[in-house]
Amino acid sequence: DTGVSQDPRHKITKRGQNVTFRCDPISEHNRLYWYRQTLGQGPEFLTYFQNEAQLEKSRLLSDRFSAERPKGSFSTLEIQRTEQGDSAMYLCASSGGHNNEQFFGPGTRLTVL
Amino acid sequence: GDSVTQMEGPVTLSEEAFLTINCTYTATGYPSLFWYVQYPGEGLQLLLKATKADDKGSNKGFEATYRKETTSFHLEKGSVQVSDSAVYFCALTQPEGNYQLIWGAGTKLIIKP
């Protein structure tokens, strides 16, 4: 296993369009996280899955955002009706067992024009 | 709520200089503390961690000691190299719950030859 992967690495879209990002965690990890990072800031927590269950969502996650993790494997993050303020790096991380160390993917950089 | 404060950057040093990047936190109980590093164009990587008071995390010549009395986790390295140029993030997570990471804003480190 080569770690956490994310696709696409870059996405440019026009305001109002929908976008979907994918994250493939480390295969044996049961916990999956999405974070958002804007320039010059640390990441901000968006949502958390344990296996297929979405257990927590940040108040940052508006109704335009939805995330899924079918079958507890890969996860998708969809943003509907994108706004310029959604431009950011979207990071996925996974962890497992009693070790709370999170391993991060390379991120998807979203630019909304 | 929990929070992490890091010294603002950029920090510019000459090669072989001594490095300190300050990190303090506000949290209930006994969080785990982390330093992550983000090299240009790459994803976040765990640099070191400490899970209880007086623990010292170390990796690649970097060290940080978990100081409960001063709520600090300062990052140090005795002799920096140009290859250490990156953004460094201090973060914490609580030992229970969803283990989401709470992040500082990051400190950009520039090492000049």
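Residues numbered from 1 in each chain as written. Chains lettered and ligands numbered in written order. Predicted model: local features only at pLDDT ≥ 70, side-chain atom pairs only at ≥ 80, totals over all residues. Heavy atoms only, no water.

Q: Quick one: what's the story with the sheet that holds strand β9 (residues 75-77) of chain B, residue by residue and with numbers?
A: Residues and elements named next belong to chain B. Taken together, the four strands give an open sheet; going across it, the order is β3-β9-β8-β7, and neighbouring strands pair in antiparallel fashion. Of all the strands in the sheet, just β3 (19-21) and β7 (56-59) have a single pairing partner and so form its edges. Neighbouring strand axes in the sheet, compared pairwise and without regard to direction, differ in orientation by 20° on average. For β7 and strand β8 (residues 62-65), the ladder comprises four bridges, and the chain directions are antiparallel. Each residue of the ladder has a partner; that of Lys 56, found in β8, is Thr 65. (Pairing = 2+ DSSP bridges. Helix = DSSP H or I, 4+ residues; strand = E, 2+ residues; numbered from the N terminus. Axes fitted to C-alpha atoms, helices over the stretch in contact; angles between N-to-C directions.)

Q: Before we move on, can you summarise the pattern of salt bridges with the specific residues and values?
A: All names here are of chain A. Tallied over the entire structure, the rule returns six salt bridges over all chains. Here Arg 64 and Asp 86 are joined by a salt bridge, their closest N and O atoms 2.8 Å apart. With a gap of 22 residues between them, Arg 64 in the loop between β6 (53-57) and β7 (65-68) and Asp 86 in the loop between β8 (75-79) and β9 (88-96) connect regions that are remote in the sequence. Taking the relative accessible area as the measure of exposure, Arg 64 reaches 12% and is therefore buried. Using a relative accessible area of 3% as the deciding quantity, one classes Asp 86 as buried. Several salt bridges converge on common partners, so that one network encompasses Arg 64, Glu 83 and Asp 86. (Salt bridge = Lys/Arg side-chain N within 4 Å of Asp/Glu carboxyl O. Buried < 20%, exposed > 50% of the residue type's maximum accessible area, 1.4 Å probe, protein only.)

Q: Summarise the nonpolar core; cite the residues concerned and give the values.
A: Core analysis: the largest hydrophobic core is formed by 26 residues, its most contacted members being Trp35(B), Leu47(B), Leu48(B), Phe73(B), Leu75(B) and Tyr88(B). Going through the elements one at a time, β2 (11-14), β3, β4 (23-26), β5 (32-38), β6 (44-50), β8, β10 (86-93) and β12 (107-112) of chain B are the ones with two or more residues in this core. For this core, the element with the most residues is β10(B), which contributes four residues. If we skip the residues at most four places from it in the chain, Tyr88(B) touches Gln6(B), Ile21(B), Trp35(B), Tyr36(B), Val37(B), Leu47(B), Phe62(B), Leu75(B), Gly106(B), Thr107(B) and Leu109(B). Within the second largest apolar cluster, 19 residues are counted, among which are Ile26(A), Ala67(A), Ile79(A) and Ala88(A). (Core = buried A, V, L, I, M, F, W, Y, C linked by side-chain atoms within 4.5 Å. Contact = heavy atoms within 4.5 Å.)

Q: Which residues make up the packing of aromatic side chains, and what values go with them?
A: Across all of its chains, the model carries 14 aromatic pairs over all chains by this definition. Summarising the aromatic geometry, the rings of Phe104(A) and Tyr36(B) are spaced 5.5 Å apart at their centres and angled 85° between planes, so their arrangement reads as edge-to-face. Remark: Tyr36(B) occurs in strand β5 and Phe104(A) occurs in strand β10 (residues 99-104); the pair is interchain, linking two chains. Of the two residues, Phe104(A) and Tyr36(B), both sit in the buried class. In this structure an aromatic cluster arises from ring pairing among Tyr33(A), Tyr35(A), Phe45(A), Tyr48(A), Phe104(A), Phe34(B), Tyr36(B), Phe89(B) and Trp103(B). In this structure, Arg22(A) is placed above the aromatic ring of Phe74(A), and the distance from its NZ or CZ to the ring centre is 3.9 Å. Of note, Lys68(B) hangs over the ring of Tyr30(B), and the distance from its end group to the ring centre comes to 4.2 Å. (Phe/Tyr/Trp six-rings, centres within 6.5 Å; stacked < 30°, edge-to-face > 60°. Lys NZ or Arg CZ within 6 Å of the ring centre and 35° of its normal.)

Q: Tell me what's going on with the side chain of Ser75(A), and back it up with residues and numbers.
A: Residues and elements named next belong to chain A. With respect to the secondary-structure elements, Ser 75 resides in strand β8. The exposure class of Ser 75 is buried, given its relative accessible area of 0%. At a separation of 2.9 Å, a polar atom in the side chain of Ser 75 contacts the side chain of Trp 34. In terms of polar contacts, Ser 75 uses its side chain to reach the backbone carbonyl oxygen of Glu 68, at 2.8 Å. Setting aside residues up to four positions removed in sequence, Ser 75 forms contacts with Phe 21, Arg 22, Cys 23, Leu 32, Trp 34, Phe 49, Glu 68 and Arg 69. (Polar contact = N/O pair within 3.5 Å; in protein donor to acceptor, adjacent residues only side chain to side chain.)

Read these as spatial facts, not as claims about activity.
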